[in-house]
Amino acid sequence: MEARDVILRPVVTEASMAGLDDKRYTFDVNVQATKTQVKKAIEEIFDVKVVKVNVMNVKGKFKRQGRFAGYTKKRRKAIVTLTPDSNEIKLFNDDQQ
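In short, a report on the structure. (Residues numbered from 1 in each chain as written. Predicted model: local features only at pLDDT ≥ 70, side-chain atom pairs only at ≥ 80, totals over all residues. Heavy atoms only, no water.)

The subject of this paragraph is the nonpolar core. Ile-7, Phe-27, Val-38, Ile-42, Val-80, Leu-82 and Ile-89 are the most contacted members of the largest nonpolar core, which totals 17 residues. Elements that contribute at least two residues to this core include exactly α1 (3-6), β2 (24-29), α3 (35-46), β3 (50-58) and β6 (75-82). Excluding residues within four positions of it along the chain, Leu-82 makes contact with Lys-23, Tyr-25, Val-48, Lys-49, Val-50, Val-51, Asn-87 and Ile-89. (Core = buried A, V, L, I, M, F, W, Y, C linked by side-chain atoms within 4.5 Å. Buried < 20%, exposed > 50% of the residue type's maximum accessible area, 1.4 Å probe, protein only. Helix = DSSP H or I, 4+ residues; strand = E, 2+ residues; numbered from the N terminus. Contact = heavy atoms within 4.5 Å.)

Shown next, in the form of structure tokens:
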């Protein structure tokens, strides 16, 4: 699995943005990705040094649309902690025109 296949997207929520000060970043990752694959992918894509990776599986929520019911897609979240001397990951462009 290539690095771009492992990391799907950053998670942008109020709770995940609070961890940016401590160099903790949250990403949605491939459901079959392991901690070591996530660590290597983050280090390769963003050119940073990773200390710790926490991974959790998120079950799909039950949703209804009228009489039709089902579950949303399950996903896997990874919380990545960087070394204190590592560069920060730029999630947003600072170019304002």
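On the secondary structure map, Val-58 appears in strand β3. Using a relative accessible area of 25% as the deciding quantity, one classes Val-58 as partly exposed. Taking the C-alpha atoms as reference points, Val-58 and Arg-75, 17 residues apart in sequence, are found 5.3 Å from one another. Among residues more than four places away in sequence, those in contact with Val-58 are Lys-74, Arg-75 and Lys-77.

With that settled, the discussion passes to the packing of aromatic side chains. Applying the stated criterion to the full structure yields two aromatic pairs. When the centroid spacing of 5.4 Å and the interplanar angle of 65° are considered together, the rings of Phe-62 and Tyr-71 count as edge-to-face. Looking at Phe-62, the relative accessible area reads 49%, which means it is partly exposed. (Phe/Tyr/Trp six-rings, centres within 6.5 Å; stacked < 30°, edge-to-face > 60°.)

These figures come from the coordinates and say nothing about function on their own.
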